[in-house]
Every structure is written in C-alpha cells, then in structure tokens.
Amino acid sequence: AQSVAQPEDQVNVAEGNPLTVKCTYSVSGNPYLFWYVQYPNRGLQFLLKYITGDNLVKGSYGFEAEFNKSQTSFHLKKPSALVSDSALYFCAVSGRYNFNKFYFGSGTKLNVKP
Amino acid sequence: DAGITQSPRYKITETGRQVTLMCHQTWSHSYMFWYRQDLGHGLRLIYYSAAADITDKGEVPDGYVVSRSKTENFPLTLESATRSQTSVYFCASSGGELSNQPQHFGDGTRLSIL
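Position numbers for residues count from 1 along each chain, tracking the sequence in the order it is written. Chains carry letters and ligands carry numbers; both start at the beginning, A for chains and 1 for ligands, and go up in the order they are written. This being a predicted model, a pLDDT of at least 70 is required before a residue's local features are given, and a value of 80 or more before pairs of side-chain atoms are given or counted; all residues contribute to the totals for chains, interfaces and linings. Calculation of side-chain values draws on the structure's entire complement of heavy atoms; hydrogens and water are dropped beforehand.

A. Spotlight on the environment of A:V21. Residue and element names in this part refer to chain A. Along the chain, V21 falls in strand β3 (residues 19-21). Burial classes follow relative accessibility: with a 1.4 Å probe on protein chains only, a residue under 20% of its type's maximum area counts as buried, one over 50% as exposed, and anything between as partly exposed. Judged by its relative accessible area of 0%, V21 falls in the buried class. C-alpha of V21 to C-alpha of S84: the two residues are 63 residues apart in sequence and 16 Å apart in space. Residue contacts are counted whenever heavy atoms from the two residues lie within 4.5 Å of one another. With residues up to four places along the chain from it excluded, the contact list for V21 reads Q6, W35, H75, L76 and T108. A run of H or I in DSSP becomes a helix once it reaches four residues, and a run of E becomes a strand once it reaches two; helices and strands are each numbered from the N terminus.

B. Geometry of the pattern of salt bridges. What counts as a salt bridge is simple: a side-chain nitrogen of Lys or Arg found within 4 Å of a carboxyl oxygen of Asp or Glu. Enumeration according to the criterion identifies 7 salt bridges over all chains in this entry. Notably, a salt bridge pairs B:D107 with A:R42, separated by 2.9 Å at the nearest N-O pair. Here B:D107 is found in the loop between β10 (104-105) and β11 (109-113), whereas its partner A:R42 is found in the loop between β5 (32-38) and β6 (44-50) on a different chain. Owing to a relative accessible area of 41%, A:R42 belongs among the partly exposed residues under this scheme. Via salt bridges that share partners, B:R36, B:D38 and B:R44 belong to a single interconnected network.

C. Broad picture of the interface of chain B and chain A. Facing 27 residues of chain B, the contacting portion of chain A comprises 24 residues. Across the chain B/chain A interface, buried area totals approximately 2000 Å², and carbon plus sulfur atoms make up 59% of it. Remark: the boundary between chain B and chain A carries 1 salt bridge. Listing elements by their share of the side of chain B that touches chain A, those giving two or more residues are β4 (31-38), β5 (42-51) and β9 (87-94) of chain B. Its residues assigned to classes, the side of chain B that touches chain A comprises 11 nonpolar, 11 polar and 5 charged. Buried area is a sum: the accessible area each of two parts loses on coming together, probed at 1.4 Å, counted once for each and added. Residue type decides the class: Asp, Glu, Lys and Arg count as charged, Ala, Val, Leu, Ile, Met, Phe, Trp, Tyr, Cys and Pro as nonpolar, and the leftover types, Gly among them, as polar.

D. Molecular detail of the pairing of strand β10 (residues 87-95) of chain A. Residues and elements named next belong to chain A. Among the 9 residues that make up β10, 8 are buried, leaving the element largely enclosed by the rest of the structure. Two strands make a pair as long as DSSP finds a minimum of two bridges between them. As defined by bridge partners, β5 adjoins β10 across 7 bridges and the pair is classed as antiparallel. The partner of Y36 across the bridge, within β10, is F90. When β10 meets strand β12 (residues 108-113), the two strands line up antiparallel, connected through 3 bridges. What sits directly across from A87, in β12, is L110.

E. Layout of the side chain of B:S93. Residues and elements named next belong to chain B. Topologically, S93 is positioned in strand β9. Judged by its relative accessible area of 0%, S93 is buried. Counting of polar contacts relies on pairs of N or O atoms within 3.5 Å, with two restrictions inside protein: one atom must be capable of donating a hydrogen and the other of accepting it, and residues adjacent in sequence are counted only when both atoms are side-chain atoms. A distance of 2.8 Å separates the side chain of S93 from the side chain of H29, its partner in a polar contact. With near-sequence residues (within four places) excluded, S93 lies in contact with I4, Q25, W27, H29, Y31, M32, F33, P102, Q103 and H104.

Nothing here speaks to function; it is all geometry.
This is how it looks when you write it as structure tokens:
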C-alpha cells in the first residue's frame, strides 16, 4: 500500500534550537514529496517540495527538507526555531500523473517554547 | 487577491438533510479537490476534478456528490448527511498538469451534523 507516515504526533523544541519533523513514505516509483503547514482555523499552506535533483530542498520561512531515497524519508528541518513556527505540519506524497494518489500524513504538531 | 474561498465557514445541520459546501477559485486552475480532515487521519481526498465536467473519486467518496459546471466552482454535496460526516472540509486547487504542483487550500468549512 502506498502511504506516508509522520511518526510523531507532537514535537517540542525551544526557540532558537534546531527542529526536525519526520516523514517517511511508501510509494512505488519516484514520488513527489511536499510539506505543508496549517495554522489554527486556516487551510494548509505550501512550504516546499521535492521533485528531483538535489536532496536538500529549501522552502518558505527558512524551512528545508532532506530527501533520503534509501531510507524513504523526507524530514523537515529548520536551523533555528521561532515561536511563530508553532503549527501543524503535514507531509504529503503523490505519484506521478495520478492526482488520486496524493496522500497526506496524519500531521505533527510543532510547539516552539520561548 | 481572494484566491480560493469556501462557504460557509461553519455549518450545523441534522442527519438526513442535504447540505452543499461551496468552493470558488479565482486563478482559473484546472484541478480542484475536496478533502476532509479528521483527527488522526490527516487529510483524505473525497473527490477531485481535472477540468469542467470532469470529476473522479478519491479515497473516501461514499455519501458525497460533486459537480463542476464552471472552472472556478466546485461544490460538494452531502445528499443525506450522517454523523460520520462531521468534519472539517477543505477545498484546494492546482494549476499544474502533473501531480508535482502544489495545491492551494481554502480556509475550510467546519461541518457539524447532529
């Protein structure tokens, strides 16, 4: 079965420390990978995507993600967390040419404490 | 710059009633999507549309009906609402032909079925 997993329901980090939000996937072929962020009572906002090429992808608000094909992972990272980064983060994966195979993880709540 | 708007933002109805959730986008994007968001499940695709008059089922289509007579509108109808359809519903759109394009989300409709 094709899917995406976010193993941590919640991640707590102190402001100024680096953060990592984990994502692993199980999709046949070469998938496209995405990260989205959701603030309370809002829709999801696109952060970054991996299509092909460099395994380190840079996105909005200082976030980046590292694609690791051997570990089938696509972890979201930021060198120095801000309190304003506190939100719900979703990893998503899609198969090529198949919109009905666009899968979201269950989400990870990031709490950044001052 | 309205982007993608959903209405209503909040709706309470009773089991057995018909309810329609509206979605309107101003980008002329080809693709539109409906998701439901439930705790522990992330987002699950209900239906999607590749263009006007072209729709297809997603992961959880049962109990829902969609139509797309105009490119900019993609209403979702619950013909006979059930309590299990209590959820937050998100509409999204994408301008790409391939599934490597990010989706742009509305702010959601919180639907409660009593």
